[in-house]
Amino acid sequence: MTDAAIPITQSAVEQFTERYLTFLGSTIKREGDRWEVTVPGEAETEIPSGQLVLFCGDAAADLGENERQLHPESSFFQEIIDEASERQPTGKITISSKNTQIEIPQWLQENNINVNDATFTPYYDRSAIAIHYRISIETVSEYQTELLRVTAIDIRSMERLPNLEETFLESTLPTEPQIESQPVDVEKSTADELIAQTREQIVERVQPKIDEIHQEASRSADAEIEEYRQMQQQRIEELEEKKTRLSDRIQDLSESIQQSSDEGDRVEALQKRKELNSEYEDVDSELEELHHRREQGFPRKQREIRERHALEVIVSPLTITQIEYERGELVLELEEGTVTRSLTLGYGDGVGITDELDCEFCHQTLGEHNSLRTIQEGLQCSQCYSN
Ligand SMILES: [Zn+2]
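Computed from a predicted structure; not experimentally measured. (Residues numbered from 1 in each chain as written. Predicted model: local features only at pLDDT ≥ 70, side-chain atom pairs only at ≥ 80, totals over all residues.)

1. Details of the overall build of the protein
If you tally the helices and strands in the protein, you get seven helices and 13 strands. Evaluated residue by residue, the protein yields a buried proportion of 21% over its 387 residues. Restricting the contact set of the protein to residue pairs at least 6 apart, pairs at least 24 apart contribute 63%. (Helix = DSSP H or I, 4+ residues; strand = E, 2+ residues; numbered from the N terminus. Buried ≥ 20, exposed ≤ 12 C-beta atoms within 10 Å, placed from the backbone. Contact = placed C-beta atoms within 7 Å.)

Written as structure tokens, this is what we have:
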């Protein structure tokens, strides 16, 4: 099974892009991770015609005018996906054993175990729906991330079919012969229900990314709040100094008023002291308010900053594709040294093995992280074999 969080792999992105660009009549010269693309002037596309350079690896941060990055999250790939979606917003793909190879997972053929023969017998047709989702993660402030995910789900059993997601992505182009120009014959209510169900599942799958962005946003908010707090602290110190200075001057004035014999000087000093007293009161009340807000932790400012860094996650289905596939049984002939064993498993075209296979000794499930270790005395997994 592929990494659930990254169903759209770099290689699938490159394959998709290559086919789409070729479909537009472009020529591509590949030199490692660098693609030189020439898009013809008459092509019906938003991609500018002429020369274009694509970087598939970790490209330099500074890209020239005709240079683009190409990876699952790059804006260029999303433009291409959008454009391809508009050409074929819904459709129907039929995957059959005639045009697909039997996929035997790696974990069955490790550790000196060979698969000598694999025979698939399709028994019945099944329907799945693949939904292309765009997940936008936004904050009111500067940054924004967009993710693109595909989910494929069997209409009857509602099980998620991760392998089919990849198979689907490899065949989403309108140029592909498998795509029939038939309308989807799944009821709209069923499609709506599937969208409602998978929307949550898709958010769960990108949750680690959402959490990561959320933490980043929280850190930015914390830093901003801290900066504000320090600014207010500085203001408090300034005001306290000013208050002391004013108090000293008022004290001096009071003394000179008492000692003064000149009526004119006295009146002038009284007037000045009145002004300073009023200034002192202003400073004092501002200080008091600041002290109070500091004790409370500046709630209004905090709220304002947190709101600015709050995340908004928007999940929108881009395309819906019905996938017809066959399900049946796969018979595998395993061989290890002189021992051979036959294994019958549920299988679907483009879907892979649909049954769970358990170790006959410890009953743990075999899979990517627990491969088949030996078939000598029965099927035994790596985990209990090493113990
Ligand atoms: Zn075991």
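2. Observations regarding helix 1 (residues 10-23)
Taking 1.5 Å of rise per residue, 14 residues should cover 20 Å, and helix 1 covers 20 Å from first to last C-alpha, within 8% of that figure. Three or more residues of helix 1 are buried, namely A12, V13, F16, T17, Y20 and L21. Looking down the long axis of helix 1, one finds its buried residues gathered within 155 degrees of arc, a one-sided arrangement. One or two residues past the end of helix 1 sits G25, with phi positive at roughly 95 degrees. (Expected span 1.5 Å × (residues − 1). Arc of directions from axis to C-beta.)

3. Looking at the sheet that holds strand 2 (residues 34-39)
Spatially, 1-2-3-4 is the arrangement adopted by the four strands of the open sheet, whose pairing is mixed. Across the chains shown, the open sheet's two edge strands, defined by having one partner strand only, are strand 1 (27-31) and strand 4 (67-69). Neighbour-to-neighbour, the strand axes of this sheet turn through a mean angle of 25 degrees, independent of strand direction. One ladder, built from three bridges, connects strand 3 (residues 50-55) with strand 4; its direction is parallel. By the bridge assignment for strand 4, L54 is matched with R68. (Pairing = 2+ DSSP bridges. Axes fitted to C-alpha atoms, helices over the stretch in contact; angles between N-to-C directions.)

4. Section: the environment of V339
Relative to the helices and strands, V339 resides in strand 10 (residues 339-348). Sequence separation between V339 and I375 is 36 residues; the distance between their C-alpha atoms is 7.4 Å. With near-sequence residues (within four places) excluded, V339 lies in contact with I375 and Q376.

5. Observations regarding the pairing of strand 2
Summarising the sheet, strand 1 and strand 2 pair through five bridges and their orientation is antiparallel. The residue of strand 2 that forms the bridge with R30 is W35. Hairpin connection between strand 1 and strand 2: a loop of two residues separates the two successive antiparallel strands, and G32 in this loop has a positive phi of roughly 65 degrees. Two strands pair when backbone bridges link them, and strand 2 and strand 3 are joined in this way by six bridges, in the antiparallel orientation. Residue pairing across strands places E36 opposite V53, the latter belonging to strand 3.

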